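# Architecture at a glance
Residues per chain, in single letters:
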Amino acid sequence: MPQPIAPLIPFETIDAPSQRLYVAAFYFALLAWRGFDFWRLFGEDTESLWLFMKWIAIDGVFLFGLPALRIPWLEWSPATTTVLFLVHALIDGIMMFRIPIPLLTGLVALSKLFYDRELAVSERSVKPGNILHNSSLILGKQIIHILPEGSAVLNPANEAFCLDAWSRSSVILPIHINQTNPTSIELLRVDLDTATEETIKISEKEARRMRKEAEKNRAHGDPDGPLVLRYTAKRTGLYILQRVVDESKLDVQRRRISDTVVVACPKAQVNISGSNRCRNELSNVVLEVEGTPPLKIRYRNFINDVEREASFQSIQPDDFVSPLTRQGSDAVVPRGSKDTSWARSQKIRVPINETLTTSGKWMYWVDEVQDAYGNTVTYTDRDHQSSEGWGHEISHLQQAFVVHERPRVELENCSSQRPLKVAKGVAISLPVQYSSTGKRAISDSPYTLKYLFTPEAELSPNGEHAPTAQMKEVTLKNTSQKPGVQHSGLYTLTSVSTEFCEGEVLEPASCLLENPPEPELSLSTEEIFDKCAGNPIGLRVDLDVMGTPPFMILYKMQRKGDSYVRLQSEQLRGLRGQLELTPPEAGHYTYTFTEISDDVYKGRSLDAARLTLEQDVKPSASAHFADSSPTRQICLDEAVSFKIKLQGQQPFILEYELVHGGKRTKHKTGSINHEEYAITTEKLKNGGDYSLALISVTDAMGCKEFLKDEAKISVRHSRPLAKFGQLENKRMVKTLEGKKISLPVRLAGVAPWTVQYRKLEDPAIEREIKLQKDNDVLDIDGQGTYEITEVKDNFCPGTVDESASRFEVRWIPRPQLRILEGSAVTFFEGKYVKKDVCEGEEDLVELGFSGTPPYVVKYEEHHKPEQGAKSLRTKELNAALGIASIQMDTSQAGRHEYKFVQLGDYNYDHDPRRYSPLLVQQHVNSRPTAQFTTPGKTYSYCSVESSGEEVIPITLKGVPPFNLEVEIRHHGSSKAEIYRESNIKSTAHSLRIPHRLLQLGNSALVIRKVRDANGCTRRTDPNSPLPRVHISVHEPPSIRPLESQEHFCVGDRISYALGGQPPFNVFYNFEGVERKAAAPSTTFRRIAEKPGVFTITAVKDSASECKAYTSIEKFIHEMPSVRVSKGREEYVDIHEGGEAEILFEFGGTPPFEFTYTRSTNERKGKKSQVLETKSEVSHEHSMRIRASLEGTYEVVAIKDRYCAYAKPGQDLGKGQKLLKY
């Protein structure tokens, strides 16, 4: 094969699409240059020849040089290049020599191809081609076919059939027959299991019944289709059409394409063992398929409602060979073969073993099964919900099982290196931690645990289990339970399982349980003595313990004579400790150690050890303030008291001193026989800081102890004071109503202050406020006189300055608005009503104000017109004095409401809570209007008065009745006529101008004045360019036909000539219906769309409304028509030598002359040819002709008394008879 020639420019440099793009860009650049030269020729045409030669050369070089580049898709042949060059040369000549082209004529002709419509006599647009070339005039044809000999065939479409026990108990075997009436049919059936043969005979009666049923089915379906006999088979087997006998007792030819096998329908089911599986096991599911192999099955697998589809193909036993697989799928049974062993139904088991990696519900669902013949059984949801089909349970079509997670266990916080320490004889739970192969432990299943146990005494030297270790098993209900253990030793988990699955034991799996020794306590003591008196003041106890730290020791301390016992505790981190027992009070003390606890043993009693200590304690004297931080702040002239706690042997003598301003005042008490004593000072009259210091205390033994405790006392220098300040040198203020005002308050003391005050107008209510500053304010919002009644600062009560304890507050008056009433304003039903006025008349309303000027009032103007939507405008008025007025809006008619919604003055803004709006209402009557309904229109009148003349419609607005005045101005005359009409009671008036006021020619009509019942008048300036109408008087138009004939055919055009002023209105009668048509020119033409009498009754032009009455009749006849075989395409089958009758039915006016042809019957891929042409004449509306030759008979032309029609494009042939009309 020759290699293609490489392009001139390699594709590696510029690829093929880019080369084509550059060529196209260059070509369009040449077109632009050519267009520029053509445009220059309009200025000067002396270069036409030169430009023509130039572009001939450029086009030649471009077009003949382009193939040399060898660009793909642009490698034209020399012939194509030459044609393109000649086309470009022609265009160059037309452009450079400016040869005109009749574009308009061409566009008109082109538009006729797409839109060719004319007006018909029924005044609707029609296509003339649809009328002139009406294919429905000649309808029908008769096709005569000479039949061959009859034949019969069983199952020609090679359909597959199967039987089952529930939905397909029988099948219909089709037997196609052609050109024969069978009276006897024999079928041979071969049994699939035993291979025995059986002849099935269909009697003449049964064959007749089957034929009638087949003809009935063909009538409802395809009438031209083959006749199909339907035989019902209820048993499986191989069926062969053995013999068919027709009415002549001869055997009918049997075409044996292949034999038909009826097999058992395929079926399938799912088999599983057990309904529970463990994760990572195999599914172990079996699909049991039964049918004719090879089989196909389609099933679905649902895993936790997630669907997955799957299928198996070519399911067949081992070493199975089917002839279907060798001969193709379209062979039902090999022709001539009676070996049917391979077609028997077989049961095949298909195992499905897939790893169960996901826990949850698994379901296998059979959807469809198909056998080797293509018989398909699809199981719907209804089949899955019913067991009638299989005679088994529902689970045979769908099977489900549950995949469970496998359990896992391990020990928590315990191992051989970290033993679990437990008290002797105490049972605990083995610290088992549950989990699973899923996300969480299995909580809804019992557990079975197995573990090894070796007692601590029998452990091997390396700490492992002894050979005599015991295997134990325990069953637990759920994960909240754990195995109970008590004896010390080594425990090792060996296995775990739940109700369904074996599990896994994770590390750590061993735990060592120990029983530590019980804790013990021993004591040794040493007394502690006072240095002054040598008396014992306590014990120093050494604690020696045994056990597992940490330790908690409990002991009781009781003084002789006391009814209560004090329980004390001591905590030790190690095995030794020391405890000092120094009670604060004298007496005989007994210490009993009752209980000891360590890390393992809790609450071990020490009663058996009898650990009891006794001692007489005489502590040394001491004294201290009861408060941990004794500090006091007091007011002037107040005393202060401190509580003192004493220890030692009573009685006590206490010495203390009070220090202030560099002076010390010492005090000494008498005998104190109590453990508590209160020191109270005298009233402190000087402000400042004081110190109260304890000097010494002496007990009954005469031992004196020096003390260091000291208390601080702060005394205020003065009392708090409160009074009102001044605003503008006075304690009175005027303010706006509702406005908060801050009254100045002067305070002395320590912040914060609590001030109580009241309003004298309401003295029973006392108010309280906290103030933080010396010069603070009291916020109030009501008028009245306020009085301060009491004051207290942070510590002390104070006094109020009576001369400045009151402050007066007064309000400034608010503004007010009123409407000044008079003769034109009245107050009615909560609003002010103004007298009605006409539109455009001036009017106003007066307002009165009180308050502090200037005043600001806002009002809403609501306008509700007589027609249309409401409108709202908001306006504002500024008034400098107490009286003002506003202009009423009378520019638009309707009801006007003025709502004064806001009022303010110099001091106050608008407050809707303290102001009630005022409403003023006035109705403005609209001025009446009168206008021509169609201004600018010219009304035509006849020169002589007649009925039906035009009236001039006038539209009036206002309240009837109206008075109207119009002016008539004649063309060419300076005098105008005035016409008046009164008492017009309607808003739509038809004005009739008396003929005495009209003149021949043109006149203008103008409205001058109109007045309504409200007394409102509207005048117009006659000299202004106002809307007007025109009146013209003309002579009536005329009409005459352009054709002299009276009879026309459908499709002909009827034309008339019109006289007068176009456009015209033509009135005519067609089919008994009066119609009106518009004619824009002096010619009126209509195409005859349907038969009937077309009568022109009148004509009217645009110059006037006068009609010219006439009566011009034209008769339209229908086109002749012919129907062959009732207008249908009828197929007639005859035997050789037989005849068929052809029926011709005519429509129109006799006599009829028609031409018909006989042509070859159409065959696929071959065009029909005319064999002969004949002409006949009929004086009736029908005619019958008998024919015995095969072919297609159809009419090509028809003619009646008036009209004729022929099929377009018919060539009757040279030398044959033609129709002549």
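What you are looking at is a predicted structure, and each value in this text was computed from that prediction instead of being measured.

UniProt's entry tags residues 515-619 and 835-925 with the feature "domain: Nucleoporin POM152 immunoglobulin-like" (unreviewed entry), counted in the numbering of this structure. Helix makes up 0% of residues 515-619 and strand 59%, and the two end C-alpha atoms of the span are 46 Å apart.

A one-sided burial pattern is seen for strand β26 (residues 432-436), the buried positions being Val432, Tyr434 and Ser436 and the unburied ones Gln433 and Ser435. With 5 bridges joining them, strand β23 (residues 407-411) and β26 adopt antiparallel strand pairing. Within β26, the position partnered with Pro407 by the bridge is Ser436.

A separate point is the nonpolar core. Phe1084, Phe1094, Ile1096 and Phe1144 are the most contacted members of the largest nonpolar core, which has 47 residues in total. In terms of nonpolar packing, the next biggest core, distinct from the first, is built from 37 residues, Cys265, Tyr299, Trp362 and Tyr379 among them.

Bringing the packing of helix α1 (residues 16-40) against helix α2 (residues 48-65) into the picture now. The N-to-C vectors of α1 and α2 enclose an angle of 175 degrees; their axes lie 12 Å apart at closest approach. Taken together, the axes of α1 and α2 are roughly antiparallel relative to one another. Only Leu51, Lys54, Trp55, Ile58, Asp59 and Phe62 of α2 make contact with α1, whose side of the interface consists of Val23, Phe26, Tyr27, Leu30, Trp33, Arg34, Asp37 and Arg40. Across the contact of α1 with α2, the residue classes tally to 9 nonpolar, no polar and 5 charged.

Side-chain direction in a regular strand flips from residue to residue, so the side chains alternate between the two faces of the sheet. In terms of strand pairing, strand β53 (residues 753-759) meets strand β56 (residues 784-792) through 6 bridges, oriented antiparallel. Considered in β56, the bridge of Tyr757 is made with Ile788. Examined bridge by bridge, β56 and strand β58 (residues 806-811) share 4 bridges and lie antiparallel to one another. Paired with Tyr786 across the bridge in β58 is Phe807.

All right, on to the UniProt feature "domain: Nucleoporin POM152 ninth Ig-like" (unreviewed entry) in the chain then. This chain's UniProt record puts "domain: Nucleoporin POM152 ninth Ig-like" (unreviewed entry) on residues 1037-1114. With 0% helix and 64% strand, residues 1037-1114 has end C-alpha atoms that lie 21 Å from one another.

It is worth spelling out the sheet that holds strand β59 (residues 816-819) at this point. Strand order in the open sheet formed by 3 strands is β59-β63-β66, and the pairing between neighbours is antiparallel. Looking along the sheet, the strands with just one partner apiece sit at the ends: β59 and β66 (883-887). With strand direction ignored, the average angle separating the axes of adjacent strands in the sheet is 30 degrees. In terms of strand pairing, β59 meets strand β63 (residues 844-850) through 4 bridges, oriented antiparallel. When the bridges of β63 are listed, Gln816 appears paired with Ser850.

What follows covers α1. For α1, which comprises 25 residues, the first-to-last C-alpha distance of 37 Å matches the rise-based estimate of 36 Å (1.5 Å per residue) to within 8%. Those residues of α1 that sit buried are Ala16, Gln19, Arg20, Val23, Leu30, Arg34 and Asp37.

What follows concerns the packing of aromatic side chains. For any pair of aromatic rings, the description rests on two quantities: the centre-to-centre distance and the angle between the ring planes. Throughout the structure, instances matching the rule amount to 31 aromatic pairs. With a centroid separation of 5.6 Å and 55 degrees between ring planes, the pair formed by Phe64 and Phe85 is classed as tilted. Within this pair, whereas Phe64 is found in helix α2, its partner Phe85 is found in helix α3 (residues 78-96), the two being separated by 21 residues in sequence. Judged by relative accessible area, Phe64 falls into the partly exposed class, the value being 45%. With a relative accessible area of 19%, Phe85 lands in the buried category. Between Tyr299 and Tyr364, the ring centres sit 6.4 Å apart and the planes meet at 35 degrees, which makes this aromatic pair tilted. Here the residue Tyr299 occupies a position in strand β17 (residues 295-303), and Tyr364 occupies one in strand β20 (residues 360-370), the gap between them amounting to 65 residues. The pair Tyr299 / Tyr364 is uniform in exposure class, with both members buried. The structure contains a cluster of three or more aromatic residues connected by ring pairs, namely Tyr299, Phe312, Trp362, Tyr364 and Phe401. Lying across the ring of Phe401, Arg277 places its NZ or CZ 4.7 Å from the centre.

What follows deals with α3. Compared with an ideal rise of 1.5 Å per residue, which puts 19 residues at 27 Å, α3 spans 26 Å between its outermost C-alpha atoms and is within 8% of the ideal. Taken as a whole, α3 has its buried residues at Thr81, Phe85, His88, Ala89, Asp92, Gly93 and Met96. Each buried residue of α3 sits inside an arc of 140 degrees when the element is viewed along its axis, so together they form one side. Exposed and oriented more than 90 degrees from the buried face of α3 are Ala79, Val83, Leu86 and Leu90. In this structure, the buried residues of α3 make contact with α1 and α2. In the stretch just after α3, Arg98 is the one whose phi turns positive, near 50 degrees.

About the criteria used
- Residues numbered from 1 in each chain as written.
- Predicted model: local features only at pLDDT ≥ 70, side-chain atom pairs only at ≥ 80, totals over all residues.
- Heavy atoms only, no water.
- UniProt positions renumbered as here; feature names shortened; annotations may be inferred.
- Helix = DSSP H or I, 4+ residues; strand = E, 2+ residues; numbered from the N terminus.
- Buried < 20%, exposed > 50% of the residue type's maximum accessible area, 1.4 Å probe, protein only.
- Pairing = 2+ DSSP bridges.
- Core = buried A, V, L, I, M, F, W, Y, C linked by side-chain atoms within 4.5 Å.
- Axes fitted to C-alpha atoms, helices over the stretch in contact; angles between N-to-C directions.
- Parallel < 35°, antiparallel > 145°, perpendicular 65-115°, else oblique.
- Contact = heavy atoms within 4.5 Å.
- Nonpolar A, V, L, I, M, F, W, Y, C, P; charged D, E, K, R; others polar.
- Expected span 1.5 Å × (residues − 1).
- Phe/Tyr/Trp six-rings, centres within 6.5 Å; stacked < 30°, edge-to-face > 60°.
- Lys NZ or Arg CZ within 6 Å of the ring centre and 35° of its normal.
- Arc of directions from axis to C-beta.

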